[in-house]
Amino acid sequence: MRVGVLGGTFDPVHTGHLILAEQARSQLALDLVLFVPAGEPWRKAHRTITPGEHRLAMLRLAVEDNDAFGVSNIEIGRNGPTYTADTLETLAGERLDDEFYFIVGTDALSDLPNWHQPERIVQHAVLAVAPREMQEANVAALTIPGLAARIEAFEMPRIDISSTDIRARVATGRSIRYLVPAHVERYIKEHALYRPPVV
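Once that is clear, we can look at the pairing of strand β5 (residues 126-130). In terms of burial, β5 is largely enclosed, as five of its five residues are buried. Looking at chain direction, β5 and strand β6 (residues 151-153) are connected through three bridges and run parallel. Looking across to β6, one finds that V129 is bridged to A153.

As structure tokens, then:
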């Protein structure tokens, strides 16, 4: 199988994530796109992350109507910081017959040299790159051995939705309708996520 891997904090998952996954699936002929929520994202240690069980539950609600989408708890169940290189290596060891496509934007491609052991990422997956502004891509990333031959680009409409903005909207009582799937919006309300603490 051709398996896309879309990692992230997903705090919360939003419509932009789903469109990104679907564009990659369609254009790269992927059989499955796995959403992999981070356990303890090492690059976001400066802020509080919503507990993994909530992020996992919201993702499962978001993808339940698409048979080509799945959710993996491989990072949520891991102790300590989670690294993409370790995740891809584990998946490759579990799914020996699958070919992996790690889905990123050009912003992430530019930043790849700063990731943990990026050469291991390239070893286990093709980088499926969604161009925002291709000129933003930093050629420094191409210094990673083997990367240039492991990039496949796909088209993605520009969608300016962010989890940060959604959290801010919820905190101030503004609407998030259509920014997240309806089931996710209900989950956020039912569990009082992203609300300011009661004093």
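Taking 1.5 Å as the rise per residue, helix α1 (residues 15-27) with 13 residues should run 18 Å; its terminal C-alpha atoms sit 18 Å apart, in good agreement. Within the sequence span of α1, burial applies to G16, H17, L18, L20, A21 and A24. In the stretch just after α1, A29 is the one whose phi turns positive, near 55°.

Here we come to the side chain of R55. With respect to the secondary-structure elements, R55 resides in helix α2 (residues 52-63). An unpaired buried charge is present at R55: no salt bridge exists, and D11, the closest side chain of opposite charge, is 5.0 Å distant. A polar contact of 3.5 Å, which involves the side chain of R55, links it to the backbone oxygen of G39. Setting aside chain neighbours within four positions, we find R55 in contact with T9, F10, D11, P37, A38, G39, I49, T50 and I76.

All of the buried residues along helix α6 (residues 163-171) are S163, I166, R167 and V170. Buried residues of α6 fall within an arc of 100° about the axis and therefore sit on the same side. For α6, the elements touching its buried residues are α1 and α7 (182-190). Looking one or two residues past α6, G173 carries a phi angle of roughly 75°, positive in sign.

The rules we used
- Residues numbered from 1 in each chain as written.
- Predicted model: local features only at pLDDT ≥ 70, side-chain atom pairs only at ≥ 80, totals over all residues.
- Heavy atoms only, no water.
- Buried < 20%, exposed > 50% of the residue type's maximum accessible area, 1.4 Å probe, protein only.
- Helix = DSSP H or I, 4+ residues; strand = E, 2+ residues; numbered from the N terminus.
- Pairing = 2+ DSSP bridges.
- Expected span 1.5 Å × (residues − 1).
- Lys, Arg positive; Asp, Glu negative; His and termini not counted.
- Salt bridge = Lys/Arg side-chain N within 4 Å of Asp/Glu carboxyl O.
- Polar contact = N/O pair within 3.5 Å; in protein donor to acceptor, adjacent residues only side chain to side chain.
- Contact = heavy atoms within 4.5 Å.
- Arc of directions from axis to C-beta.

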